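For reference, the chains in residue letters:
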Amino acid sequence: MRAASALLPAIAAAALASTMLAQAPQDQAVSPRARQLHDRAIVVDSHDDTTQRMLFDKTFDITARHKDGHIDVPRMREGGLDALFFSIWVPSDVTGPPAVKRAFDLIDRVREAARLHPNDLLLATTAADVRRAAAEHKIAALMGMEGGHMIDDDLGLLRSYAALGVRYMTLTHFKNNNWADSSTDKAAHNGLTSLGKDVVREMNRLGMMVDISHVADKTFWDVIETTKAPVIASHSSVRSIANHPRNMTDDMMRALAKNGGVMMINYHAAFLSEEFRVASEKKSGTVVESMAAMSKKCGGNEACTTLESERIDHEAMARGELPKVYWDKIVEHIDHAVKVAGADHVGLGSDFDGATMPIGMEDASKLPKITDALLKKGYSDADVEKILGGNILRVMEAVERAAAAGGGRSSAR
Ligand SMILES: [Zn+2]
């Protein structure tokens, strides 16, 4: 290629340079140095909703390339994504035994995917498993449970989920449960109830990460006071940039850093951009309202709910009915979080297949752009590696160690 570029007439080179200047942010090329670093790093994404497709679409094959959605093995490999927490998510209005049944079905889908595709996926429950998967060129499949209502107020169920490999639990989803307040519901418990505190202590004992994404601010502070191990926000962005109650304030970010935890940045357009959030709430109500309406339209098929919501948002962006949100907004949130909490406490929690991705982050194959953008901002290789996955692996190890050290001390209930 060197000879050809030497022959390139000056005028063509100038034209090329001007096209590059005019490029929209979605087209930014990834430098070879960024690609190398990205491939060397263990890249971990702590929140992904592809599990809904695996449950509701019996023909969905995660090892085949798809035109829709954000995640499958070919696109994960292209994007250098080494480990993924599949979300075990059941909507907040499904409660009691039906929520428990659906949780077990979702867990089964993930475990079966790993069993059926042993050359591509490795079911992982520890940081060491994630590292082993990366060494074997497999993708580590992990599980996180999104919504404490799935334990049906029963610590025995929590233990069963842990035994099946669930390694974090987001204490609430959109609505309060019987023991914790959600950020998108009216306060009912003033944070965590005493059962809620027992849940946190039992998770510490079991080596399950406590996830404070979605919870009310008071619940967050109660968790910080109760937990004996570092906690995570599996998919939360920065509130001072996009004023959604589901995002984290700078104070919360500082407290999370002091706790030794990590905040994983969510890519959902309405959590990234204040302009988009305001416009979309005006157009179709809050995230909670619009998702409930779409779920109804989809007849409770939650794979349809998120795919359709994203399609409608993207059409509205294309028509100019909603402001365009570009992928570099993700980098702005990472950068703010790093400035406030430090590079040891920030990571990636995309919400792939569960949210509206910004333009330019259409699927997992686009992830190296984040590495490239962080290097261009002057981040060190070491800091980028931590953000890409090192930080969440450190927290997993710390939670595993805390469980081993304090095993059996928490009161059984
Ligand atoms: Zn969520």
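1. Structural notes on the overall build of the chain
In terms of helices and strands, the chain carries 18 helices and 9 strands. Against the globule reference of 22 Å for 413 residues, the chain gives a C-alpha radius of gyration of 21 Å, in line with a compact fold. Burial statistics for the chain: of 413 residues in total, 57% are counted as buried. Taken as a whole, the chain presents about 16500 Å² of accessible surface, with 54% of it coming from carbon and sulfur. Between the centroid of the 50 positive side chains of the chain and the centroid of its 56 negative side chains there is a distance of 2 Å.

2. Details of the coordination of the zinc ion
Coordination sphere of the zinc ion, protein contribution only: Glu146 (OE), His214 (NE2) and His235 (NE2), at 2.0 to 2.2 Å. The sequence motif formed by the donor residues of the zinc ion is E-x67-H-x20-H. With Glu146 in strand 4 (residues 139-146) and His235 in the loop between strand 7 (232-233) and helix 11 (250-258), this pair connects stretches of sequence that are 89 residues apart. Here the two residues Glu146 and His235 agree in accessibility, since each one is buried.

3. A look at the confidence of the model for the chain
When pLDDT is averaged across the chain, the result is 93; 92% of the residues are at 70 or more. For residues 1-22, every residue scores under 50 in pLDDT, and the model assigns this stretch 1 contact once sequence neighbours within four places are set aside.

4. Topic: the pairing of strand 4
Most of strand 4 sits inside the fold, with 8 of its 8 residues counted as buried. Where strand 2 (residues 83-89) and strand 4 come together, 7 bridges link them in parallel fashion. Its bridge partner being in strand 4, Phe85 is matched across the sheet by Leu142. Where strand 3 (residues 121-123) and strand 4 come together, 3 bridges link them in parallel fashion.

5. Here's the deal with the nonpolar core
Within the largest apolar cluster, 105 residues are counted, with the highest numbers of intra-cluster contacts made by Tyr161, Met169, Leu171 and Ile334. For this core, the leading source of residues is helix 6 (residues 96-116), giving 8 residues. Setting aside anything within four residues of it in sequence, one finds Met169 in contact with Met145, Gly148, Ile151, Leu158, Trp179, Val199, Met203, Met208, Met209, Val210 and Asp211. Counting 22 residues, the second-largest nonpolar core is a separate cluster that includes Ile42, Ala83, Tyr168 and Leu393.

6. So, helix 13 (residues 274-284)
Here helix 13 has its buried residues at Phe276, Arg277 and Ser280. Each buried residue of helix 13 lies within a common arc of 100° when the element is viewed along its axis, so the set occupies one face. Every exposed residue of helix 13 that faces more than 90 degrees away from the buried side is listed here: Glu275 and Lys282. Contacts made by the buried residues of helix 13 are with helix 12 (269-272) and helix 15 (302-319). With a side-chain oxygen lying 3.4 Å from the backbone nitrogen of Glu275, the N-terminal cap of helix 13 falls on Ser273. Downstream of helix 13 by a residue or two, Gly285 has a phi angle that is positive, lying close to 85°.

7. Here's the deal with the packing of aromatic side chains
Here the distance between the centres and the angle between the planes together describe a pair of aromatic rings. On inspection of all chains with the given rule, the structure shows 4 aromatic pairs. When the centroid spacing of 5.2 Å and the interplanar angle of 45° are considered together, the rings of Phe85 and Tyr168 count as tilted. Within this pair, whereas Phe85 is found in strand 2, its partner Tyr168 is found in strand 5 (residues 166-170), the two being separated by 83 residues in sequence. Grouping residues by exposure puts Phe85 and Tyr168 together as buried. For the pair Phe220 and Trp221, a centre-to-centre distance of 4.9 Å together with 80° between the ring planes defines the contact as edge-to-face. We classify Trp221 as partly exposed; its relative accessible area is 35%.

Cut-offs applied
- Residues numbered from 1 in each chain as written.
- Predicted model: local features only at pLDDT ≥ 70, side-chain atom pairs only at ≥ 80, totals over all residues.
- Heavy atoms only, no water.
- Helix = DSSP H or I, 4+ residues; strand = E, 2+ residues; numbered from the N terminus.
- Rg over C-alpha atoms; globule rule 2.2 N^0.38 Å.
- Buried < 20%, exposed > 50% of the residue type's maximum accessible area, 1.4 Å probe, protein only.
- Areas by Shrake-Rupley, 256 points an atom, 1.4 Å probe, with all protein chains shown as cover.
- Lys, Arg positive; Asp, Glu negative; His and termini not counted.
- Charge placed at Lys NZ, Arg CZ, Asp CG, Glu CD.
- Donors = N, O, S within 2.8 Å, 3.2 Å for Na, K, Ca; no water.
- pLDDT = per-residue confidence, 0-100.
- Contact = heavy atoms within 4.5 Å.
- Pairing = 2+ DSSP bridges.
- Core = buried A, V, L, I, M, F, W, Y, C linked by side-chain atoms within 4.5 Å.
- Arc of directions from axis to C-beta.
- Polar contact = N/O pair within 3.5 Å; in protein donor to acceptor, adjacent residues only side chain to side chain.
- Phe/Tyr/Trp six-rings, centres within 6.5 Å; stacked < 30°, edge-to-face > 60°.

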